[in-house]
Amino acid sequence: MTGLRWFRSGLLPGLMSHLFIFWKWKRRAHICLYPGAAIYCKRICSTMIEQEGGQLTLVSLPKKVTEFQQFMVDTAVGTTHDPIEIHKRKLSLWFSHLPQEEKQFGGYFSTETMHVDPLILERKPEERAGLLSSSVKTQASVVPSLTVEKLFETNEDHHQDRGLNVLLYGAVGTGKSTIVRKLILDWCAGTTLTNFKLVIPFSCEDLGELTKVASLRDLISRKYLHLKRNPLLSGESNQAKDILFIFNGMEKMELDFRIGSTELCSDPNEPLPARAIVVNLLRKYLLPEVSVLVTTRLSALDRIPSKYVSRYAQICGFNDPNRQRAYFTSRLLQQSGETVQTHDAQALVELLYLNLQRESQLATACFLPSYCWLTCATLHFLHFTDAKAPIRTLTGIYTSFLRLNFGGEVLGKATGASVPNQDIHSTLMLYVVSTVGKLAYDGVTYKRTSFSEQELEQWIGGKTKTDEELRQLAVFRTDVLDFFLAPCVESCKHLPTELCEDDERRYVFAVPAMQEYMAALYVVLGENKSALEKLTKQVSVAIGQATEDVSAIVNIFSKFIPLRIFAFFNLIKLFPKFYEKISTRNKGNLARTIAAELFRKEDSYNEDVLDQVEKNLLGVHGPPSKQQIQALPFELYPIFMGGLLHYSNRVLLKNLGCNIQSDTVAQITRALRKYLVREINKPQPPEELMDLLVLLYEFQNPRLTAEVLASIRSICLHNVRMTPLKCFVLSSVLSCAPPSYQLEELDLSSCLLTRDMLQMLSPAFRHTRNLNLQFNNLAPDSCILLRDLLKDSKSCVRVLLLYLNPLSDVGKQSLYVRGIPKSRGSGRRVRVLASVTEGSDLSEDWHPILSVIRENASSWDRDRLKHQLKVFLRDLEWGRQQQQSFLKKLHFRRVEKGVRQTLRMLENNTPHSSASAKK
């Protein structure tokens, strides 16, 4: 198409706004008229176009704008009359659509640009059972990986009149759906499966829900209307050999190949249940020439008899660090194109690659592409969050991760008198919570991260079960258990002594944070209640429903029933109210648990949770410290509990069959405020305050946040390694406070702040009176932002501490506004401490500056501190030389003596106590 031209001819002055023309390289013109345009313009336009040797097509446009735009696309690509081209275009549009979980990355990704082929191995029928990742790595070096296209290559033994049935199987998270999506997009683009003229994909989940009978052609035309009369589907001759059917997720259909259960059918026009059509296609009784690709999980392999399968292929995930690195590179490097972000992303990829090469626990988890996605999503959240990005939370990422892998799946679909009604629609995710969540909760309670095979049998296998429960357990163990748990590869020195004595293999959660998330979900859903509490709730609900029905009848006969009977019914009504009081107390216990777990004394001096998450992903390089060898503190556990109460996460969980009632959230929130206020009034280490900010951010409840902030008068984050995400969290939390709210002090000293982080923190600074920014990485260009902050009429800053930052002399001088009102009539003055000198004068604040340096000499970076003190000495020497007064020169020398004494203290590695610093 060479362009879009508006047809403006003097012959058609009245149709200027109704007519436009597409010119194409084949010299054809599609003239599209809006409704109401005169049909006689065809004759005029036809004459004009025939003079150019072209052809004319006149079509009346639809009334809806969306339909009009769709027509324009059809016309532009020239596929209006070719059903297969229309099919390719529509498939490309459908399978290019990104789910909501992908949009959190900013919309930079697509299946075409970030796809990495997983390992695919062809299997013999006798070796199609599940395969451990360790043996996959061994066999992968011997047998090369296949592509799906190669699986459909025929050999001499193949009967030419029969298509191939390929069964592609793998565990949860290995990438089956991604492979299918990429395969379809490549076929639409003409880069693969070129021997098939038509590829028709179906979702087995959709087919399993169909209740009406339909023929194969009707089944296709329902979803693909443009293929309704396609001759390839007529069943005549052997035209169907050019067709490939794809059935994705066969485990979601109950296929039965017994003749007595599924009748034979060879007519594509005969109505049958959807399951019967699929069975007859695989039997090669219906359209035997077609080829079929079926994807399924391990538990459903035996649903198709081996005699109906031409080839078995197992999708095994990413079996080596190079595949994982390629995936991380395609994900993390596709940012907004900024040089700084690209450099940071490259550094993250290198750290990840180093961690994977060490065969760490992360490498075992990233064997599944799904965990590679979770790793990238978490790192994207930790390192590329900014004020322009949509609100994302760590809890939301993990909830979305589970929705992508288990969304809409029902575990118990069997029917029969022995199956309880509530189990018929039991979702797979709810089953995971009651088993894996129970195991995770036990580990968090007793501070354990690894579990033996006997413990797995105890918590997941349980006691004797019914046949249906055993079936569910078998499916769960085959498909899902390995998704959450992996063999422990860490050294025994990281485990308690009593656990290292036996040689039994131990299992851990694939990523440490998943254990805390599952434990939090187990508690929030009330699965940790005792049997008596659960029974009480069921009885209360039943009695409450019965009471409503009985009360309606009793009210009718109230005049004829003795008072004693009324007293009995009143007692029945009291029972639900009594349970409601017990339930409210239980919600209070949950809120108290969140607060208690967040402020555990033994965890007070651990790193904040965001740093812990980052180190779990990127690894710790060098010899492990004593703190790293100790057991994990499980500080994400209470934060996840708070995050799960947020509305957006509850919506996702409801789709997974895990319902958290709104009244439950309200009760927990009311109780949580009281316990949080009680705890934060006690002195808290900076890392604990950072965790509190993360909890409030994950909760995403502005009202609760404002009520908690009302009791906070100072926030000390001294020595906390600030990142853009932490700055965003701090600003987001403080933005929930009313405009009149003021912090007495915000201490961000020694936090590695940069200019970009300052810009993120600007909303938080407006609520602060005393702002401590000393000993950071604030470059000279930061002075512009700080000066704007001082001039801001909404700012309440009284004291902006800036010393020990690499600021320029000009920048420091521009910030010395002591004694100068910031704005006329404001009456507000700001005290700025940026150095021991103010140009050629000596700062009045030199003594408190040196005192703070001496007090923190043991914790601050010594090389940076010595460098800054030398800068102070040069400033003092220059200022002394500029002074004419003998007394002022003596004062300069006195200050120089103090600075040199502090410098010698650092060089001799003998820091003075705070008491000596005050002398």
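The residue numbering used here restarts from 1 in each chain and proceeds along that chain's sequence as written. At least 70 in pLDDT is required for a residue's local features to be given in this predicted model, at least 80 for side-chain atom pairs to be given and counted, and no such filter applies to totals for whole chains, interfaces and linings, which use all residues. As a rule here, side-chain values come from all non-hydrogen atoms in the structure, and water together with hydrogens is ignored.

### Quick look at the environment of Gly462
Selection rule: Segments assigned H or I by DSSP are reported as helices when at least four residues long, segments assigned E as strands when at least two residues long, and all are numbered from the N terminus.
Tracing the sequence through the fold places Gly462 in the loop between α19 (453–461) and α20 (467–479). As for Gly462 and Leu473, which are separated by eleven residues in sequence, their C-alpha atoms are 9.8 Å apart.

### Regarding helix α15 (residues 369–383)
Heads up, the condition is: Each helix should span, by expectation, one fewer than its residue count multiplied by 1.5 Å. The rule is simple: take the accessible area with a 1.4 Å probe, protein chains only, and divide by the maximum for that residue type; under 20% is buried, over 50% is exposed, in between is partly exposed.
Compared with the 21 Å implied by 1.5 Å per residue over 15 residues, the 21 Å span of α15 between its first and last C-alpha is a close match. Most of α15 sits out of view: 14 of its 15 residues are buried.

### Comments concerning unusual backbone geometry
Excluding glycine, residues mostly carry a negative phi; peptide bonds, for their part, are mostly trans. Notably, Gln700 is not glycine yet its phi reads approximately 55°, a positive angle. Take Gln700: it is sitting in the loop between α31 (686–699) and α32 (702–709). Phi angles above zero are rare outside glycine, and Asn719 is one such case at about 70°. With respect to the helices and strands, Asn719 occurs in the loop between β14 (714–716) and α33 (724–734). Judged by its relative accessible area of 31%, Asn719 is partly exposed.

### A look at the nonpolar core
Applicable threshold: For the purposes of this section, nonpolar cores are sets of buried Ala, Val, Leu, Ile, Met, Phe, Trp, Tyr and Cys residues that join through side-chain atoms within 4.5 Å. Should any heavy atoms of two residues lie within 4.5 Å, those residues are counted as being in contact.
Counting residues in hydrophobic clusters, the biggest one holds 154 residues, and the most contacted among them are Tyr371, Phe484, Met514, Met518 and Leu773. Element by element, the count of residues in this core is highest for helix α23 (residues 512–524), at ten residues. Not counting chain neighbours up to four residues away, the residues in contact with Leu773 comprise Leu748, Leu753, Leu758, Phe765, Leu778, Leu786, Leu800, Leu801, Leu802 and Asn805. With 67 residues, the next largest nonpolar core counts Phe152, Leu183, Leu207 and Ala240 among its residues.

### Describing the packing of helix α18 (residues 428–445) against α19
If you want to describe how two helices pack, look at the angle between their axes and the distance between the axes. Heads up, the rule is: For every element, the axis is a line fit to its C-alpha atoms; helices are fit only across the contacting stretch, and the angle between N-to-C directions ranges from 0 to 180 degrees. Geometric relationships in this document are graded by angle, where less than 35 degrees denotes roughly parallel, more than 145 denotes roughly antiparallel, 65 to 115 denotes roughly perpendicular, and other angles denote oblique. With the far helix as reference, a near helix turned anticlockwise by less than a right angle produces a left-handed crossing, and one turned clockwise produces a right-handed crossing.
Contact geometry for α18 and α19: axes closest at 8 Å, N-to-C directions at 125°. Here α18 is positioned oblique relative to α19, judged by the angle of their axes. In the packing of α18 onto α19, the handedness of the crossing is right-handed. Residues Thr435, Lys438, Leu439 and Asp442 of α18 pack against Leu456, Trp459 and Ile460 of α19.

### Here's the deal with the packing of aromatic side chains
Our working rule: Between the rings of Phe, Tyr and Trp (Trp by its six-membered ring), a pair exists once the centres lie within 6.5 Å; its type follows the angle of the planes, with under 30 degrees stacked, over 60 edge-to-face, and the other angles tilted. Cation placement over rings: the criterion is NZ of Lys or CZ of Arg within 6 Å of the ring centroid and within 35° of the ring normal.
By the definition in use, this model includes 22 aromatic pairs. Ring geometry for Tyr327 against Phe328: centres 6.3 Å apart, planes inclined by 80°, an arrangement best described as edge-to-face. Each member of the pair, Tyr327 as well as Phe328, carries the same accessibility label: buried. When the ring centre of Trp187 is taken as origin, the NZ or CZ atom of Lys88, which lies over that ring, is 5.0 Å away. Looking at Arg325, its charged tip hangs above the ring of Tyr353, at a distance of 4.2 Å from the centre.

### Re the pattern of salt bridges
To keep it simple, the criterion reads: For salt bridges, the criterion is a side-chain nitrogen of Lys or Arg within 4 Å of an Asp or Glu carboxyl oxygen.
Taken as a whole and assessed by the stated rule, the structure comprises 25 salt bridges. Each of Asp608, Asp611, Glu614, Arg721 and Lys726 takes part in a single network of salt bridges with overlapping partners.

### Some points on the pairing of strand β15 (residues 743–747)
Note the cut-off: Each pair of strands is called paired provided DSSP finds at least two bridges between the two strands. Here is how to tell: hold the view so the strands point away, follow the path from the first strand over the helix to the second, and if it runs clockwise the crossover is right-handed.
Pairing geometry for β14 and β15, over three bridges, is parallel. What sits directly across from Ile715, in β15, is Leu746. A crossover connection joins β14 to the parallel β15 through α33; in handedness this β-α-β unit is right-handed. Taken together, the four bridges between β15 and strand β16 (residues 768–772) define a ladder with parallel strand orientation. Bridge pairing in β16 links Leu743 to Thr768. Between the parallel elements β15 and β16, the chain passes through helix α34 (residues 755–765) in a crossover that is right-handed.

### Let's talk about the sheet that holds strand β13 (residues 506–509)
Here we have three strands laid out as an open sheet, ordered β11-β13-β12, and antiparallel in their pairing. At either margin of the open sheet sits one strand with a lone partner, and together these are β11 (450–452) and β12 (485–487). In this sheet, adjacent strand axes meet at a mean angle of 40° when their direction is disregarded. Bridge analysis of β12 against β13 gives three bridges, and the strand direction is antiparallel. Within β13, the residue paired with Pro487 across the bridge is Tyr507.

### What about the sheet that holds strand β5 (residues 119–123)?
Strand order in this open sheet of six strands is β5-β10-β6-β9-β8-β7, and the pairing throughout is mixed. Each having just a single partner strand, β5 and β7 (198–203) make up the two edges of the open sheet. Averaged over all pairs of adjacent strands, the angle between their axes in this sheet comes to 20°, without regard to strand direction. With five bridges joining them, strand β8 (residues 243–248) and strand β9 (residues 291–296) adopt parallel strand pairing. Paired with Phe245 across the bridge in β9 is Val292. Those strands touched by helix α8 (residues 176–189) are β5, β6 (165–169), β7, β8, β9 and β10 (311–317), and its axis lies near 155° from that of β8. Helix α11 (residues 274–283) contacts β6, β8 and β9 of the sheet and is inclined by roughly 130° relative to β8.

Read these as spatial facts, not as claims about activity.
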